[in-house]
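# Observations on the model geometry
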Amino acid sequence: MEILDGKKVSNQIKEELAVEVAQMKARGEKVPHLAAVLVGNDGASLTYVGSKVRSCEKIGFESTLIHLPEETTEEELLKQVENLNKNTDIDGYIVQLPLPKHIDEQKVLMAVDPDKDVDGFHPANFGKMALDMESFIPATPFGIMELLRRYNIDTEGKHAVVIGRSHIVGRPISILLSQKGKAANATVTLTHSRTKDLKAITVQADIIISALGVPNFLKEDMVKEGVVVIDVGITRVPDETRKRGYYITGDVDFENVSKKASHITPVPGGVGPMTIAMLLKNTLLARERHNASNA
Ligand SMILES: NC(=O)C1=CN([C@@H]2O[C@H](COP(=O)(O)OP(=O)(O)OC[C@H]3O[C@@H](n4cnc5c(N)ncnc54)[C@H](OP(=O)(O)O)[C@@H]3O)[C@@H](O)[C@H]2O)C=CC1
Ligand SMILES: Nc1nc(=O)c2c([nH]1)NC[C@@H]1CN(c3ccc(C(=O)N[C@@H](CCC(=O)O)C(=O)O)cc3)C=[N+]21
């Protein structure tokens, strides 16, 4: 069994990005600038956005955090989005999800300039991805594909079972894995809460991508020997004996499933850090496109 060390690979990617930034600087070019909009004080969102800002600093990107109060209206948020679209200094930005319930998420995501949409959530980018055209690929699925690639895990002709059909993980990873081309070419089954007899499907999987957010959901008896397991789930479990008052866990019963798996991602230290690295990668791509068009 081999651990797919997302932490290690993400550090490699960040080092590669740092080299590219240094070269941009040496050529007298502007360095990539990523912004994040955070509405409210959700603990997990604060952690994620904070680690994004720290990563930017580490590799020489510029970063801006726009932290708005929970009571921010949809109109005010749309105004911020408009400002970010207009601000030529910003190459890419994300609006951290979930948004407070009084704000229409779809409406906000639709307002993001597709050329700055480093999350790849705008329909223009999502549609291009589905049509095999160049676009911003959502960071989490992009990170999963990159992790598989860097560990030389062949997906061609393999049966990949995705659990979860969210717009940010399950749906896009199912599209990427099924794409035509050497790096994908998997046969994909996309499953969700209405799927009947999920276990009958997962036991056939060569690759399982679990993205539902239910701790200990994927158990040993649901997988076959030699399976590749990618655990996307992140759940905070309250625990007063821990320094932070909680620990985080994935969807997979790691202790037992890892005995049967050929490769498996840990949580933490698996897909999460890869997500951050690929968001930075997308921001560099945005900067390069802006440089190319002299913006
Ligand atoms: N590591 C990372 O970088 C990231 C991690 N995450 C984590 O991944 C997890 C999933 O996130 P996200 O995709 O946003 O989740 P959502 O909550 O949006 O979607 C969950 C999906 O799982 C399905 N599901 C729920 N229960 C079951 C079940 N019992 N059997 C089969 N399918 C089920 C749902 O089905 P239905 O559609 O029918 O409701 C839905 O499609 C979360 O823990 C989240 O924190 C998310 C993003 C990035
Ligand atoms: N617009 C938007 N884009 C996103 O990409 C997005 C989002 N909203 N909302 C929430 C989800 C979740 N997400 C994570 C990213 C990194 C870690 C991560 O780095 N996790 C660490 C541990 C972090 C911890 O200790 O809490 C790890 O797995 O090792 C986790 C989760 C991005 N998301």
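Residues numbered from 1 in each chain as written. Chains lettered and ligands numbered in written order. Predicted model: local features only at pLDDT ≥ 70, side-chain atom pairs only at ≥ 80, totals over all residues. Heavy atoms only, no water.

As annotated in an unreviewed UniProt entry, the protein is Bifunctional protein FolD from Flagellimonas ochracea.

Here the UniProt feature "binding site: NADP(+)" (unreviewed entry) sits at Gly-164, Arg-165, Ser-166 and Ile-234. Examined against the element boundaries, Gly-164 turns out to sit in the loop between β5 (159-163) and α7 (170-178). Accessibility expressed as a relative area gives 12% for Gly-164, which makes it buried. Dropping the residues within four chain positions of it, Gly-164 is found in contact with Gly-170, Arg-171, Leu-190, Thr-191, His-192 and Ala-211. Take Arg-165: it is sitting in the loop between β5 and α7. Among the polar contacts listed, one links the side chain of Arg-165 to the side chain of His-192, at a separation of 3.5 Å. (UniProt positions renumbered as here; feature names shortened; annotations may be inferred. Helix = DSSP H or I, 4+ residues; strand = E, 2+ residues; numbered from the N terminus. Buried < 20%, exposed > 50% of the residue type's maximum accessible area, 1.4 Å probe, protein only. Contact = heavy atoms within 4.5 Å. Polar contact = N/O pair within 3.5 Å; in protein donor to acceptor, adjacent residues only side chain to side chain.)

What follows is about the site of ligand 2. Inspection of the region around ligand 2 gives 15 residues, with Val-95, Gln-96, Leu-97, Asp-119 and Gly-269 positioned closest. Separating a nitrogen atom of ligand 2 from a backbone N or O atom of Leu-97 is a distance of 2.8 Å. Gly-269 places a polar main-chain atom, nitrogen or oxygen, 2.7 Å from an oxygen atom of ligand 2. When ligand 2 is considered free in solution it has 680 Å² of accessible area, and contact with the protein chains removes 81% of it. Tallying contributions element by element places helix α10 (residues 271-292) first for the shell around ligand 2, with three residues. Across the shell around ligand 2, the residue classes break down as eight nonpolar, five polar and two charged. Residue contributions to the shell around ligand 2 reach at least three from each of two domains, namely domain 1 (28-112) and domain 2 (139-272). (Near = heavy atom within 4 Å. Areas by Shrake-Rupley, 256 points an atom, 1.4 Å probe, with all protein chains shown as cover. Nonpolar A, V, L, I, M, F, W, Y, C, P; charged D, E, K, R; others polar. Domains from an automatic or database assignment.)

Here the UniProt-annotated "domain: Tetrahydrofolate dehydrogenase/cyclohydrolase catalytic" (unreviewed entry) positions come out as residues 4-119. Measuring from the first to the last C-alpha atom of residues 4-119 gives 23 Å, for a span that is 50% helix and 16% strand.

Here the focus is the packing of aromatic side chains. By the definition in use, this model includes zero aromatic pairs. When the ring centre of Phe-136 is taken as origin, the NZ or CZ atom of Arg-289, which lies over that ring, is 4.6 Å away. (Phe/Tyr/Trp six-rings, centres within 6.5 Å; stacked < 30°, edge-to-face > 60°. Lys NZ or Arg CZ within 6 Å of the ring centre and 35° of its normal.)

Extensive coverage of β5 is indicated by the burial of five of its five residues. In β5, alternate side chains face the same way, and those of His-159, Val-161 and Ile-163 on one face and Ala-160 and Val-162 on the other are all buried. Sheet topology note: the β5/strand β6 (residues 187-191) ladder contains five bridges and is parallel. The residue bridging His-159 from the neighbouring strand is Thr-187, located in β6. Since β5 and β6 lie parallel, the crossover through α7 that links them has a hand, and here it is right-handed. Pairing between β5 and strand β7 (residues 207-210): four bridges, direction parallel. Note that in β7 the partner of Ala-160 across the bridge is Ile-207. (Pairing = 2+ DSSP bridges. Right-handed = clockwise from strand over helix to strand, strands pointing away.)

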